[in-house]
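For reference, the chains in residue letters:
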Amino acid sequence: MSSSNEVPDPEVPVRARSRTYSAAYKARILDEYESLDRAGKGALLRREGLYTSLISAWRIQRDQGARAALAKPAGRPPADTRDKEIARLRRENERLAGELGKARKVIEVQGKLSALLGQLATDSPSSGSESTL
């Protein structure tokens, strides 16, 4: 049999993929679209395979982005309060760890002093039972 008699695959693709557009592409098309007359706008849309609804949506996105950029305060963004709290807790943890180390040394010295005093008390003769010559 020849290949012209083969039946095409009836399987339909699961889902068509929608096109995605980069921000640079959107900006370029908007600039070009806004500089053209009515006939030129239609030609641009046909050439790029776009609809006027996309142009309208891209204008809204552009305007919202510009408003958001203008609304941002100038300068460095404020620090996150969680970062400040974490830094404060770390400093406090280091301070408390230092104090704990000092307290352990004091307790160790007190224990040794107590043992030494206890040993001296048992080694020395009692003062009332000493015999004199």
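All of these numbers come straight from a predicted model, not from anything done at the bench.

Engineer: Any chance you could break down the packing of aromatic side chains for me, citing the residues and the numbers?
Structural biologist: How two aromatic rings sit relative to each other is given by the distance of their centres and the angle of their planes. One pass over the structure, following the stated rule, counts 3 aromatic pairs. Between Y25 and W58, the aromatic rings sit 6.1 Å apart at their centres with planes inclined by 80 degrees, giving edge-to-face as the arrangement. Remark: W58 occurs in helix α3 (residues 52-71) and Y25 occurs in helix α1 (residues 23-35); sequence separation between them is 33 residues. Among the residues examined, Y25 registers a relative accessible area of 15% and is labelled buried. The rings of Y21, Y25 and W58 are connected pair by pair, giving a single aromatic cluster.

Engineer: Account for helix α2 (residues 38-48), naming residues and giving values.
Structural biologist: Inspection of α2 places G40, G42, L44, L45 and E48 among the buried residues, and these make up the whole buried set. Packing partners of the buried residues in α2 comprise α1 and α3. Phi turns positive one or two residues past the end of α2, at G49, with a value near 70 degrees.

Engineer: Summarise the side chain of E48; cite the residues concerned and give the values.
Structural biologist: Within the fold, E48 resides in helix α2. Here E48 falls in the buried class, since its relative accessible area comes to 19%. Aside from chain neighbours lying at most four places away, what touches E48 is R19, Y25 and I29.

Engineer: Can you break down the pattern of salt bridges residue by residue, with the values?
Structural biologist: Applying the stated criterion to the full structure yields 11 salt bridges. Its salt-bridge partner being D80, residue R82 comes within 3.3 Å of it at the nearest N-O pair. Here R82 falls in the exposed class, since its relative accessible area comes to 60%. Classification of D80 as partly exposed rests on a relative accessible area of 33%. Within the structure, one salt-bridge network assembled from shared partners comprises R28, E32, R47 and E48.

Engineer: I'd like a rundown of α1, residues and numbers included.
Structural biologist: Across its 13 residues, α1 extends 18 Å between first and last C-alpha, which sits within 8% of the 18 Å expected from 1.5 Å per residue. Of all the residues in α1, the buried ones are Y25, K26, I29, L30 and Y33. Down the axis, α1 shows its buried residues gathered within 130 degrees of arc, on one side only. Counted as exposed and oriented over 90 degrees from the buried face of α1: A23, A24, D31 and S35. Among the structural elements, α2 and α3 are those in contact with the buried residues of α1.

The rules we used
- Residues numbered from 1 in each chain as written.
- Predicted model: local features only at pLDDT ≥ 70, side-chain atom pairs only at ≥ 80, totals over all residues.
- Heavy atoms only, no water.
- Phe/Tyr/Trp six-rings, centres within 6.5 Å; stacked < 30°, edge-to-face > 60°.
- Helix = DSSP H or I, 4+ residues; strand = E, 2+ residues; numbered from the N terminus.
- Buried < 20%, exposed > 50% of the residue type's maximum accessible area, 1.4 Å probe, protein only.
- Contact = heavy atoms within 4.5 Å.
- Salt bridge = Lys/Arg side-chain N within 4 Å of Asp/Glu carboxyl O.
- Expected span 1.5 Å × (residues − 1).
- Arc of directions from axis to C-beta.

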